[in-house]
Each structure stands twice: as structure tokens, then as C-alpha cells.
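# Understanding the architecture of this molecule
Each chain, letter by letter, is given below.
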Amino acid sequence: MPKVVYIQFANPEQYPPLEHGSKILVENGWKCLFFGRNNEHAGKITFQPLSGRSVMFMPRWTMQLPAKMEFALYAAWVLFKVVELRPTFIYLSDPLATPIGVLLSQLGCKVIYHEHDTPSPSLSRWLQNTRKRLFRTVQFSVIPNAKRIAHEELKIRDLVEVRNFPSKADVLEVRPSAAREIVVCYFGTLVPSRLPMS
């Protein structure tokens, strides 16, 4: 059975495209394993249970460590899991995980980098450089809108443009209502920068 390991130095369950993409793979006979980082939202937003898909997190106590130490432990844990599981592909969609992706790519793993959003301008220079390096070394890169990176001088090995839309099963039929109410449906990533503070 082919396997995909998803590496996310965040809570992967907060990213609907990861849930949808893995569901498609599982339905086509793949096993999907997520290795994420605990955060204050862990357990509040979860993937729907699906045989063939599992999510594992670093222990919660690692969140108390200095950031660089926590990342080093996470990277070691992920590397150990990749060696143990020998996945068909490694999937990254997190700029913070790009150093792990570069290393795995250099070790001969087939890495896919899916950049859902433009990285924050506050991303460290080191992570900006590993991101650029990852674009050059991965099996292929997936971008929802290639125009947004056109201004960047990136050497991309193989680029695939894929739009992030909900599946038909996720779209509700909108029925006219006699009440004068507004209903807003949001389909996207639920990360701290997009959530209200209260």
C-alpha cells in the first residue's frame, strides 16, 4: 500500500486542504500519516475519522521548550518516523517545515511541497532560503495560484497549479429564507492570523 507522510510544524487538522487531499488519497488506496505539532487548538478542530488516515502530535510538554529546541526535537522525531515508515512520498505545506523537506530531499526521499499561502514577510531569512532551496530540489511543487510567486526569482523544478476548492460533498445547497438573515460560509484555513481574538 502506498504511503504519504505529511509534515506540518503546526496542527495539520486546522488545514482543510490537507483533510480533503488525504481523503482523496485514502479513497484511492493510499495510507496517509500526519506528523504535527500540538498547539492550544489541538483537539478542538479535528479531521473526520477515516480508516487509512492517522494524525500524531509531538507530546504537549515540548511546547514549553525554547522554539529552536522544540523544532530540533520535532525534526528528529519526523526523521525517525520517515526512516521507520519508508513512505512513497513526503508532503509538506508549511514554510516552517522546509528545512526538514530539504534534508529529506537530499536523502533521496520524494518530497512534494504545497505552498497554500504566501509566507509571512516576517519569515526568517534562513527559512526564506530553505524555502527557495526546497523549490529547486523537490519532486514537484504545488501552488494554488502561480501568479502570486511570479515576482519572486525562484528556480522551481516542476510546478503544478492546483486551486483549493471544496469538494461537492462539502458544499451546502443554499435555500432562500423568508427571514432577513445573512449566512456566511467560510472554506479555508483556520489559523491564528485568520481567527478573531475573541
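Everything below is about the structure printed above this text.
Now for a quick tour of the structure.

## Description of helix α1 (residues 16-27)
- Given a rise of 1.5 Å per residue, twelve residues ought to cover 16 Å, and the 17 Å separating the end C-alpha atoms of α1 matches this to within 8%.
- Here α1 has its buried residues at Pro16, Pro17, Leu18, Glu19, His20, Ser22 and Val26.
- The inward-facing, buried residues of α1 contact β1 (3-7), β2 (31-36), β3 (53-57) and β4 (89-92).
- With its phi angle positive at about 90°, glycine 29 sits one or two positions after the end of α1.

## Let's talk about the nonpolar core
- In this structure, Ile7, Tyr74, Val78, Ile90 and Ile100 are the most contacted members of the largest nonpolar core, which totals 25 residues.
- Mapped onto this core, the elements with two or more residues apiece are β1, β2, α2 (67-85), β4, α3 (98-106), β5 (111-114) and α4 (125-137).
- The element contributing the most residues to this core is α2, with six residues.
- Aside from chain neighbours lying at most four places away, what touches isoleucine 100 is Ile7, Phe71, Tyr74, Ala75 and Val78.

## Overview of the environment of tryptophan 126
- Mapped onto the elements of the fold, tryptophan 126 is located in helix α4.
- When its relative accessible area of 53% is taken as the criterion, tryptophan 126 is described as exposed.
- Here the alpha-carbon distance between tryptophan 126 and proline 99, two residues 27 residues apart in the chain, equals 9.0 Å.

## Re the sheet that holds β3
- Taken in spatial order, the seven strands of this open sheet run β3-β2-β1-β4-β5-β6-β7, and their pairing is parallel. Looking at which strands have only one partner, the edges of the open sheet turn out to be β3 and β7 (159-161). Mean inter-strand twist for the sheet, computed between neighbouring axes without regard to direction, equals 20°.
- Strand direction decides the pairing type here: β1 and β4, joined by four bridges, are parallel.

Analysis parameters
Residues numbered from 1 in each chain as written. Predicted model: local features only at pLDDT ≥ 70, side-chain atom pairs only at ≥ 80, totals over all residues. Heavy atoms only, no water. Helix = DSSP H or I, 4+ residues; strand = E, 2+ residues; numbered from the N terminus. Expected span 1.5 Å × (residues − 1). Buried < 20%, exposed > 50% of the residue type's maximum accessible area, 1.4 Å probe, protein only. Contact = heavy atoms within 4.5 Å. Core = buried A, V, L, I, M, F, W, Y, C linked by side-chain atoms within 4.5 Å. Pairing = 2+ DSSP bridges. Axes fitted to C-alpha atoms, helices over the stretch in contact; angles between N-to-C directions.

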